[in-house]
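Analysis of the macromolecular model
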Amino acid sequence: MSSIAWREAWKYGERAFRYVQLDAGHALGAIRYAAAALGLQVELLPSPIPKFPHY
């Protein structure tokens, strides 16, 4: 799952990043509930993209 904060920035301004994180948390919560209902387990994996890329 991913999100692009600048797409939200035009509407929410400085609050965009916070809202993107909140939406992602709600989506992950819904995935965990759906998986649990099916008897499955969700595991978060580390991002393959480095946090501070050296370009």
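Shown above is the structure to which this text applies.
Structural notes, computed from the coordinates. For every chain, the first residue of the written sequence is number 1, and numbering continues from 1 onward in sequence order. For a predicted model such as this one, the threshold for reporting local features is a pLDDT of at least 70, and the threshold for listing and counting side-chain atom pairs is 80 or more; totals across whole chains, interfaces and linings nevertheless cover every residue. Only hydrogens and water are set aside; all other atoms, that is, all heavy atoms of the structure, feed into the side-chain values.

**Brief notes about the overall build of the protein**
What the protein contains, in helices and strands, is two helices and zero strands. The buried label applies to any residue whose accessible area, calculated with a 1.4 Å probe on protein chains only, is under 20% of its type's maximum; exposed applies above 50%, and partly exposed to all values in between. Residues classed as buried in the protein amount to 5% of the 55 residues present. The Shrake-Rupley method, run with a 1.4 Å probe, gives the accessible areas here. Residue values count only the displayed protein chains as cover. Accessible area of the protein: about 5500 Å², with a carbon and sulfur share of 61%. The numbering of helices and of strands both runs from the N terminus, where a helix is a DSSP run of H or I of at least 4 residues and a strand a run of E of at least 2.

**Some remarks on a nonpolar patch on the surface**
Here the term patch refers to residues with relative accessible area over 30% and no salt bridge, with like charges joined within 9 Å and nonpolar side chains (Val, Leu, Ile, Met, Phe, Trp, Tyr) within 5 Å. What makes a salt bridge here is a side-chain nitrogen of Lys or Arg within 4 Å of a carboxyl oxygen of Asp or Glu, nothing more. A surface patch of nonpolar side chains, amounting to about 420 Å² of accessible area, comprises Met1, Leu28, Ile31 and Leu44. With respect to the element layout, Leu28 can be found in helix 2 (residues 16–37). Judged by its relative accessible area of 31%, Leu28 is partly exposed.

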